[in-house]
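# Commentary on secondary and tertiary structure
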Amino acid sequence: MHAFAKTSVLALSLAAASVASAQGVRVEKNMSLELATQIAAATVASCTTAGYNVAATVVDRAGTVRVVMRADNAGPHTLEASRLKAYTSASAKNTTLAIMEASQKNPAAANLVNIPGYLLLGGGVPVKVGNEVIGAVGVGGAPGGHLDEQCAMAAIDKVKDQLK
């Protein structure tokens, strides 16, 4: 093999290895503890102002719990409901209200309720940076999932400058 051919083969091999390693390592945005704490606190505050005693759970992009806050007088069921809504929203990358409505209208989506860990009630909202979901907030305890969702949306709106 000529020296040029050996150099070309070596260069191509290194380039291929470089591309392969680049594909093996991902860089992703994710939910920081500080951001999760701000979202949870703003969610509980928004619902408290509206007269609702809720729990708020914020999860990262993998659905792992980062922060849980429970308002005074929030029922014990609100903790698990908020966690499941946050997990469902992060997993599906959609609001749990939209997922619930889709499962009710579309027979093909009706079995979503059977996915372990999914709770198809309003109150789970994804947290996004651009179009990338970095986590979600779940809320439980207001007298309706649409009201839980409003509190979550208000909290996300408060931190929107950080979601860039």
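Residues numbered from 1 in each chain as written. Predicted model: local features only at pLDDT ≥ 70, side-chain atom pairs only at ≥ 80, totals over all residues. Heavy atoms only, no water.

Counting secondary structure elements, the protein contains 5 helices and 4 strands. When the helices and strands of the protein are listed from N to C terminus, the series reads α-α-β-β-α-α-β-β-α. The proportion of buried residues among the 164 residues of the protein is 41%. A sequence separation of at least 24 residues applies to 64% of the contacts in the protein between residues at least 6 apart. Entry remark: accessible area of the protein is about 9100 Å², with carbon and sulfur atoms responsible for 57%. (Helix = DSSP H or I, 4+ residues; strand = E, 2+ residues; numbered from the N terminus. Buried < 20%, exposed > 50% of the residue type's maximum accessible area, 1.4 Å probe, protein only. Contact = heavy atoms within 4.5 Å. Areas by Shrake-Rupley, 256 points an atom, 1.4 Å probe, with all protein chains shown as cover.)

What follows is about the state of the cysteines. Inspection of the entire model under this criterion finds 1 disulfide. The partner cysteine of Cys 47 in its disulfide is Cys 151, sulfur to sulfur 2.0 Å. Looking down the S-S bond of the Cys 47 and Cys 151 bridge, the torsion is 115°, so its handedness is right-handed. Taken as a pair, Cys 47 in helix α2 (residues 33-49) and Cys 151 in helix α5 (residues 145-158) lie far apart in primary sequence, 104 residues in all. (Disulfide = S-S within 2.5 Å.)

Here the focus is helix α4 (residues 96-105). Residues of α4 that are buried: Thr 96, Leu 97, Ile 99, Met 100 and Ser 103. Seen end-on, α4 carries its buried residues on one side only, within an arc spanning 165°. Those residues of α4 that are buried are in contact with α3 (77-92), β3 (124-129) and α5. (Arc of directions from axis to C-beta.)

Another aspect to go through is the pairing of strand β2 (residues 65-70). One ladder, built from 5 bridges, connects strand β1 (residues 55-60) with β2; its direction is antiparallel. What sits directly across from Val 59, in β2, is Val 65. Linking β1 back to β2 in an antiparallel pair, the connection comprises 4 residues, with Gly 63 at a positive phi of about 85°. (Pairing = 2+ DSSP bridges.)

Attention shifts here to the packing of α2 against α5. Orientation of α2 relative to α5, taken along the N-to-C sense of each, is 130°, at an axis distance of 8 Å. In terms of orientation, α2 lies oblique with respect to α5. Every pair of crossing elements has a handedness; the one defined by α2 and α5 is right-handed. Within the contact between the two elements, α2 uses Ile 39, Ala 42, Thr 43, Ser 46 and Cys 47 and α5 uses Leu 147, Cys 151, Ala 152, Ala 154, Ala 155 and Lys 158. A class-by-class count of the residues in the contact of α2 with α5 yields 8 nonpolar, 2 polar and 1 charged. (Axes fitted to C-alpha atoms, helices over the stretch in contact; angles between N-to-C directions. Parallel < 35°, antiparallel > 145°, perpendicular 65-115°, else oblique. Left-handed = near helix turned anticlockwise from the far one by under 90°. Nonpolar A, V, L, I, M, F, W, Y, C, P; charged D, E, K, R; others polar.)

Once that is clear, we can look at α5. For α5, built from 14 residues, the straight-helix expectation of 20 Å at 1.5 Å per residue is met to within 8% by its first-to-last C-alpha distance of 20 Å. Those residues of α5 not exposed but buried are Leu 147, Asp 148, Glu 149, Cys 151, Ala 152, Ala 155 and Ile 156. (Expected span 1.5 Å × (residues − 1).)

Counting through the fold element by element, Thr 57 comes out in strand β1. By relative accessible area, which is 1% here, Thr 57 ends up buried. Here the side chain of Thr 57 touches Ser 82 through a polar contact of 2.7 Å, side chain to side chain. For Thr 57, the contacting residues outside a window of four places in its chain are Val 65, Val 67, Val 68, Leu 79, Ser 82, Arg 83, Ala 86, Ala 136, Val 137 and Gly 138. (Polar contact = N/O pair within 3.5 Å; in protein donor to acceptor, adjacent residues only side chain to side chain.)

This next bit is on the sheet that holds β3. Overall, antiparallel pairing links the 4 strands, which are arranged β2-β1-β4-β3 in an open sheet. The open sheet terminates on both sides in strands that have one partner only, identified here as β2 and β3. On average, adjacent strands in this sheet sit at an angle of 15° to one another, irrespective of strand direction. Across the sheet, α3 touches β1, β2, β3 and β4 (132-140), and the angle it forms with β4 is around 155°.

Function cannot be inferred from these measures alone, as they are strictly geometric.
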